[in-house]
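Take a look at the letters that make up each chain.
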Amino acid sequence: MAALKYAGLEDTDSEEELPPGWEERTTKDGWVYYANHLEEKTQWEHPKSGKRKRVAGGLPYGWEQETDENGQVYFVDHINKRTTYLDPRLAFTVEDNPVKPTTRQKYDGNSTAMEILQGRDLSGKVVIITGANSGIGFETAKSLALHGAYVILACRNTSRGNDAVQRILVEWHKAKVEAMTLDLASLQSVQRFAEAFKSKNVPLHILICNAAVFGAPWCLTEDGLESTFQVNHLGHFYLVQLLEDVLRQSSPARVVMVSSESHRFTEIKDSSGKLDFSLLSPSKKEYWAMLAYNRSKLCNILFSNELNRRLSPHGVTSNSVHPGNMIYSSIHRNWWVYTLLFTLARPFTKSM
């Protein structure tokens, strides 16, 4: 009882009534959380009952949800010409009773991006995703945008990038999404993209290096480098270098490198154990598409690890991720053999 008195929980009779200094709020997607103004903290659980809740149904007729300059959700009553931070749906909340996992992880191969972000309010966060007009990049961009983030889709094909933006806006017309041109096969394009982004004078909280080519025939970029190496690794390496100052100024921030388990099936050292640069950007005679892809993914991981070592003391973390084996996306489009392989494997793999 002493502990309850100290917390102020003995002052109310109802289990659902909030103690003094507490306020009930909602996120953009309808999850209820509780703000303690005395201790300046928030939590998902009701301070007395320990229950989690979410609102039921849509907003009443004439109401609209908005976000203020601080990222706080508020509500506009157009009929009575008033605004409030109190969600009118709070009178119709339902209890959330998630089934606690036993031997199974909370997230697994069946989880979706929307499920993982459920209950998160990313208002005020700025995100760049390369290769975001299709596949993993698009699903990531859509999920982050629908949770309030300002997402920039960095795409080689501007038309496809704009189409992807429209598909997101169809789901939520107030999503903050924009397509910008970025061709990782051109270091000049990378530089132009970085300069254009910086001219916006906005922070950068998340940079997701997702774009990649797979099974591509040998060719040189305008910079004279093998295209798989430049698109998958070097272009991203240069992009991070150009945006490092913005990331540091925006801390806490993060860089995510989308790599692959296939990095384990290659090597970039010569017989003496030294880095062999000829393996990174091989000649046509020495080129094999699968090996080139594997080496680029190994470079992603080595870069991410070193980037985290250097920038984490400044509030910028870096992680490399494996998106899953044989996820059916458009990455296989460069060679019919890979397309056939992915088609046969599709019933047994995760779908976008």
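Cut-off values and rules
- Residues numbered from 1 in each chain as written.
- Predicted model: local features only at pLDDT ≥ 70, side-chain atom pairs only at ≥ 80, totals over all residues.
- Heavy atoms only, no water.
- UniProt positions renumbered as here; feature names shortened; annotations may be inferred.
- Core = buried A, V, L, I, M, F, W, Y, C linked by side-chain atoms within 4.5 Å.
- Buried < 20%, exposed > 50% of the residue type's maximum accessible area, 1.4 Å probe, protein only.
- Helix = DSSP H or I, 4+ residues; strand = E, 2+ residues; numbered from the N terminus.
- Contact = heavy atoms within 4.5 Å.
- Axes fitted to C-alpha atoms, helices over the stretch in contact; angles between N-to-C directions.
- Parallel < 35°, antiparallel > 145°, perpendicular 65-115°, else oblique.
- Left-handed = near helix turned anticlockwise from the far one by under 90°.
- Nonpolar A, V, L, I, M, F, W, Y, C, P; charged D, E, K, R; others polar.
- Pairing = 2+ DSSP bridges.

The protein is annotated in an unreviewed UniProt entry as WW domain-containing oxidoreductase from Himantopus himantopus. Among the UniProt annotations of the protein, the heading Sequence similarities (unreviewed entry) holds the following wording: "Belongs to the short-chain dehydrogenases/reductases (SDR) family."

Chemist: What is the right way to read the nonpolar core from this model?
Modeler: Nonpolar side chains in soluble globular proteins tend to end up buried together. Core analysis: the largest hydrophobic core is formed by 31 residues, its most contacted members being Ile128, Phe193, Phe197, Leu204, Leu207, Leu243 and Val255. Among the elements of the structure, strand E9 (126–130), strand E10 (150–155), helix H5 (187–198), strand E12 (206–209), helix H6 (227–249), strand E13 (253–258) and helix H8 (289–311) are those that each provide at least two residues to this core. If you tally residues by element for this core, the top one is H6, at seven residues. What leucine 207 contacts, discounting residues up to four positions off in sequence, is Ile128, Leu239, Val240, Leu243, Leu247, Arg254, Val255 and Val256. If you look at the next biggest cluster of nonpolar residues, it comprises 23 residues, including Phe138, Cys155, Val177 and Ile206.

Chemist: Looking at this model, I keep getting lost on the packing of H6 against H8. Mind explaining?
Modeler: Axis angle and axis distance: for two packed helices, these are the angle between their axes and the distance between the axes, and together they describe the pair. Remark: H6 packs on H8, axes separated minimally by 8 Å, with the N-to-C direction vectors making an angle of 15°. With respect to H8, the axis of H6 lies roughly parallel. The chirality of how H6 crosses H8 is right-handed. For the pair H6 and H8, the contacting residues are Thr228, Phe229, Asn232, His233, Phe237, Val240, Gln241, Glu244 and Arg248 in the first and Ala292, Tyr293, Ser296, Lys297, Cys299, Asn300, Phe303, Leu307 and Leu311 in the second. A per-class count over the contact of H6 with H8 returns nine nonpolar, six polar and three charged.

Chemist: Would you explain the UniProt feature "domain: WW" (unreviewed entry) in the protein in this entry?
Modeler: Per the UniProt record, the feature "domain: WW" (unreviewed entry) sits at residues 16–49 and 57–90. With 0% helix and 38% strand, residues 16–49 has its two end C-alpha atoms placed 7 Å apart. Between the end C-alpha atoms of residues 57–90 there is a gap of 10 Å, over a span that is 0% helix and 38% strand.

Chemist: Whenever I open this one, the sheet that holds strand E14 (residues 316–321) confuses me. Can you help?
Modeler: In sheet architecture, strand pairing relies on hydrogen bonds along the backbone and comes in two forms, parallel and antiparallel. Spatially, E11-E10-E9-E12-E13-E14 is the arrangement adopted by the six strands of the open sheet, whose pairing is parallel. Each edge of the open sheet carries a strand with a single partner, namely strand E11 (176–181) and E14. Neighbour-to-neighbour, the strand axes of this sheet turn through a mean angle of 15°, independent of strand direction. Looking at chain direction, E13 and E14 are connected through six bridges and run parallel. Across the sheet, methionine 257 pairs through a bridge with serine 320, a residue of E14. Across the sheet, helix H3 (residues 135–146) is in contact with E9, E10, E11 and E12; its angle to E9 comes to roughly 170°.

Chemist: Looking at this model, I keep getting lost on unusual backbone geometry. Mind explaining?
Modeler: That bond from serine 251 to proline 252 is cis: its omega, 5°, falls within 30 degrees of zero. Among the structural elements, proline 252 can be located in the loop between H6 and E13. Of note in the backbone geometry, glutamate 40 takes a positive phi value of approximately 55° without being a glycine. With respect to the element layout, glutamate 40 can be found in the loop between strand E2 (32–36) and strand E3 (41–43). Its identity as a non-glycine residue notwithstanding, lysine 81 has a phi of 55°, on the positive side. Position of lysine 81 among the secondary structure elements: in the loop between strand E6 (73–77) and strand E7 (82–84). Overall, lysine 81 belongs to the exposed group, its relative accessible area being 72%.

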